[in-house]
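Now for the letters of each chain:
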Amino acid sequence: MRGESKKMIKIVKIKARKAFTSTKIPGANYVVNQYVGCQHACRYCYARFMGKWYDYGEWGSWIVVKENLPELVRGERVKGKVYMSSVSDPYQPIEREIKLTRRVLENMDKDTRLSILTKSDLVLRDVDVFKKFKDIEVGLTINGFDGRLKREVEPFAPSNRKRIEALRLLHENDIKTYVFVSPIIPDLVDVEQLIRETKRFVDFYWFEFLNLKASGREFREWLKQSYPESYDVISNKSRAERYVKEVLNVVKKSNVSVRGICVHYPKICNEETSNKRN
Ligand code: SF4
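The following paragraphs examine the structure supplied in this document. Everything numeric here is computed off the predicted structure, so don't read it as measured data. (Residues numbered from 1 in each chain as written. Predicted model: local features only at pLDDT ≥ 70, side-chain atom pairs only at ≥ 80, totals over all residues. Heavy atoms only, no water.)

Thoughts on the overall build of the protein
Keep this limit in mind: The helix and strand labels rest on DSSP assignments: H or I over at least four residues marks a helix, E over at least two residues marks a strand, and numbering proceeds from the N terminus. When we talk radius of gyration, it's over C-alpha atoms, and the globule rule is simply 2.2 Å times the number of residues to the 0.38. Note on exposure labels: buried denotes an accessible area under 20% of the residue type's maximum, exposed denotes more than 50%, and partly exposed covers the range between, all computed with a 1.4 Å probe on protein chains only. Between two residues, a contact is recorded if the distance between any of their heavy atoms is within 4.5 Å. Residue-level accessible areas treat just the shown protein chains as cover; the underlying method is Shrake-Rupley with a 1.4 Å probe. Counting rule applied: Lys, Arg positive; Asp, Glu negative; His and chain ends not counted. A charge is said to be at NZ when it belongs to Lys, at CZ for Arg, at CG for Asp and at CD for Glu.
Per the secondary structure count, the protein includes 11 helices and 11 strands. For a compact globule of 278 residues, the expected C-alpha radius of gyration is about 19 Å, and the protein comes in at 18 Å, within 12% of that figure. By its C-alpha atoms, the protein is 50 × 40 × 30 Å across when sized along the principal axes. Scored against the burial criterion, the 278 residues of the protein give a buried share of 55%. Taking contacts inside the protein between residues at least 6 apart in sequence as the whole, the part at least 24 apart equals 72%. Carbon and sulfur atoms make up 47% of the accessible area of the protein, which totals about 13,700 Å². Each charge class in the protein was averaged separately, 53 positive and 37 negative side chains, and the resulting centres sit 3 Å apart.

Written as structure tokens, this is what we have:
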């Protein structure tokens, strides 16, 4: 049986040259990646492209640990928003032992405008450090994947139930929270229900539709075989655009605060999201 504790992981320790890297990721000016690679091994992960530079095997089987990041971050200051992290999950299982993310946060300038995103309830361990930042938001990726679907696409990430409970507890601790609803896939993700389940303890939302291209050939083949109707909708331009419009209507009616909507169909994105950013 697959499980966090049974997985063999190759750990590669390196020294980085700098802590913050400028980025074009929506809503951020810099990223901080204390890890590269991710034990959560999500099948659709867009960060798999990092394998081009770090050729250590299958995505999810290795982690690069930038062991000097806690020292580097102490000496660096950046203006603008920092996103943690873009090519890993800062609270993947190894973090429980080596506390690299925690040490980076402890040493980071507390004036840094920071946005953290994770799929793990381990994030709750660091509430005391979050409280020291003047401007911080903590997000959980929620998509409702459960049972067989969850085992197939997010085999090692904590359950959506645990993620929602983490949001609730962060909110109870006065930490600004957000939900990143991603990847939105026709028939597999019920956006209306996810909003209903989370809106009481969430400050704002990001929505992201599946980026079929970035999800990679293996994922595309799997989706085509396992959920042909979902694949047909998302891979057909006019059907995909209709689907996106339907979901955007659901979002509009739900009356929640929306920070951004990532749609990989530019025509719809321009028409429907220009008035949705706050
Ligand atoms: S948790 Fe995020 S970074 Fe990690 S494998 Fe999943 S999608 Fe990729």
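Moving on, there is more to tell.
Description of the site of the ligand
Heads up, the rule is: Only heavy atoms are used to decide nearness, and a residue is near a molecule or strand if one of them lies within 4 Å of it. For this classification, the nonpolar set comprises Ala, Val, Leu, Ile, Met, Phe, Trp, Tyr, Cys and Pro, the charged set comprises Asp, Glu, Lys and Arg, and every other residue, Gly included, is treated as polar.
Near the ligand you find Cys 38, His 40, Ala 41, Cys 42, Cys 45, Trp 59, Ser 88, Asp 89 and Lys 119, and these make up its full shell. Residues that form the shell around the ligand fall into these classes: 5 nonpolar, 2 polar and 2 charged.

Describing the packing of helix α8 (residues 217–226) against helix α9 (residues 228–235)
Just so we agree on the cut-off: Whenever a helix is involved, its axis is fitted only over the stretch in contact; in every case the axis is a line through C-alpha atoms, and angles between N-to-C directions fall within 0 to 180 degrees. Here the word oblique covers every angle except those under 35 degrees (roughly parallel), over 145 (roughly antiparallel) and from 65 to 115 (roughly perpendicular).
Relative orientation of the contacting elements α8 and α9 amounts to 125°, with a least axis distance of 5 Å. Regarding the angle of α8 to α9, the classification is oblique. Here Arg 220, Leu 223, Lys 224, Gln 225 and Ser 226 of α8 come into contact with α9, specifically with Pro 228, Ser 230, Tyr 231 and Ile 234. Counted by class, the contact of α8 with α9 contains 4 nonpolar, 3 polar and 2 charged residues.

Quick word on helix α10 (residues 237–254)
We apply this condition: Every helix has an expected span of 1.5 Å times one less than the residues it contains. Comment: arc refers to directions from the helix axis out to C-beta atoms.
A rise of 1.5 Å per residue sets the reference length of α10, with its 18 residues, at 26 Å; its end C-alpha atoms lie 26 Å apart and thus fit the reference within 8%. Every buried residue of α10 is listed here: Ala 240, Glu 241, Tyr 243, Val 244, Val 247, Leu 248, Val 251 and Ser 254. Taken around the axis of α10, the buried residues stretch over an arc of 160°, which confines them to a single face. Structural note: α10 exposes Arg 242, Glu 246 and Lys 253 on the side pointing more than 90 degrees away from its buried face.

Examining the sheet that holds strand β1 (residues 10–14)
Let me state the cut-off plainly: At least two bridges found by DSSP between two strands is the condition for calling them paired.
One open sheet accounts for 3 strands, arranged β1-β5-β4; its pairing is mixed. At either end of the open sheet lies a strand with only one pairing partner, and these are β1 and β4 (35–36).

Observations regarding the sheet that holds strand β8 (residues 135–142)
Judged by pairing direction, the sheet is mixed, and its 8 strands sit side by side in the order β2-β3-β6-β7-β8-β9-β10-β11 without closing on themselves. The two strands at the open ends of the sheet, each matched to only one other strand, are β2 (20–22) and β11 (258–262). Between one strand and the next, the sheet's axes are offset by a mean angle of 20°, whatever the strand orientation. By the bridge criterion, 6 bridges tie β8 to strand β9 (residues 176–184) in an arrangement that is parallel. From the neighbouring strand, Thr 141 faces β9, where its bridge partner is Phe 180.

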